[in-house]
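Each chain, written out:
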Amino acid sequence: MDNNFDFIIVGAGPAGMAAAQYAARSGLKTLLLDAGFPGGQVAMIFNLENYPGFFPAANGFEFIAKMKDQAVAFGANILQAQVSSIDKIQNEYSIKTSAGTFTAPAVLLATGADHRKLGIPGEKEFFGRGVSYCATCDGPFFRNKKIVVVGGGDSACDEATYLSTIGQVTIVHRKASFRAQKAVAQRVLSNPAITVKFNSSVTAVFGDTKVSSVELTDTVTGEKSVLETDAVFVSVGMLPRTELLSNLKTDDAGYIITNEDMETSVPGLYAAGDVRSKSFRQVVTACADGAIAANSAQKFIRKMRGEEYK
């Protein structure tokens, strides 16, 4: 593989995949890099039911596999490699990876975000032994068991709904109501297989060789209690993965700030998907981000080379 490209995308989630498709289809020599298997968070979605055109639902893994096939069919190169650094040398970006160094005049960061941790006693100690951050990955290990889900957003409610088909679920949220979309929250509230505990926080995880219970703290009264459980699924938000480029402008939460063309504060560098500062994070918005970024990049490259449309 030639190491020189027009456009390099870091991150193979929906934003990266959409960008790879649009960029390759526009004639850009495109490389998509990711340390793991394609998909990011979407590969963990059991039923993707709100993506336009996929109804009643699509499996997240199958959805991203089709996106990959589509991008490759249009000519995108996809490589599994760990990116260690991104540097700009004059008008070219140099990206060092475990598979070599690649260059391009335009780069897209579609690195997504990592699961936010609770930071409580027992969480780290029991990770992989009852504490998990992925229901579709680890849920089947707890069939007919007691399960606690922590969180109140779309992801937490979706995971609780999925896990209710496997075991006895209690969802714990620190506020008096869910912050999930109404339809998503209503599914949990109307599900007889799910017990809801509002105004409560999980403040410790207990066990011996594996999880056996959690400590709950009432966020109003401060009263503590113990709830027996075999598993704790944490779904309390994400942290943007911006460690490759720490000098970009970000919002207070650390998400990269771009304009509506997905341009960052550095020329030729774009951001899309969950790593970007925006008001709504969904698969459909990530795909839109990726498509816009690819279109912006091809205009930037053609202008730089004097090939822009007249």
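Keep in mind that this is a model prediction, so the values were computed, not measured. (Residues numbered from 1 in each chain as written. Predicted model: local features only at pLDDT ≥ 70, side-chain atom pairs only at ≥ 80, totals over all residues. Heavy atoms only, no water.)

(A) Here's a closer look at the sheet that holds strand β12 (residues 194-197). The strand order across the open sheet formed by five strands is β9-β16-β10-β11-β12, and the pairing between neighbours is parallel. Of all the strands in the sheet, the pair left with one neighbour each is β9 (131-132) and β12. Summarising the sheet, strand β11 (residues 168-172) and β12 pair through four bridges and their orientation is parallel. Bridge pairing in β12 links Val169 to Ile194. (Pairing = 2+ DSSP bridges. Helix = DSSP H or I, 4+ residues; strand = E, 2+ residues; numbered from the N terminus.)

(B) Region of the structure containing the side chain of Thr111. Relative to the helices and strands, Thr111 is located in the loop between β7 (106-109) and β8 (113-115). Classification of Thr111 by relative accessible area gives buried; the value is 15%. Non-local contacts of Thr111, meaning those with residues more than four positions away in its chain, are made with Val10, Arg241, Leu244 and Val275. (Buried < 20%, exposed > 50% of the residue type's maximum accessible area, 1.4 Å probe, protein only. Contact = heavy atoms within 4.5 Å.)

(C) Just the environment of Gln90, in detail. Note on placement: Gln90 falls in the loop between β4 (83-89) and β5 (92-97). Distance from Gln90 to Pro105, taken between C-alpha atoms, is 9.4 Å for residues 15 residues apart in sequence.

(D) Here's a closer look at the packing of helix α4 (residues 154-163) against helix α5 (residues 182-189). Between α4 and α5, the shortest axis-to-axis distance is 9 Å and the interhelical angle comes to 35°. You can see that α4 and α5 cross each other, and the crossing is left-handed. Judged by residue contacts, Asp154, Cys157, Asp158 and Thr161 of α4 engage Val184, Ala185, Arg187 and Val188 from α5. Grouping the constituent residues of the contact of α4 with α5 by class yields four nonpolar, one polar and three charged. (Axes fitted to C-alpha atoms, helices over the stretch in contact; angles between N-to-C directions. Left-handed = near helix turned anticlockwise from the far one by under 90°. Nonpolar A, V, L, I, M, F, W, Y, C, P; charged D, E, K, R; others polar.)

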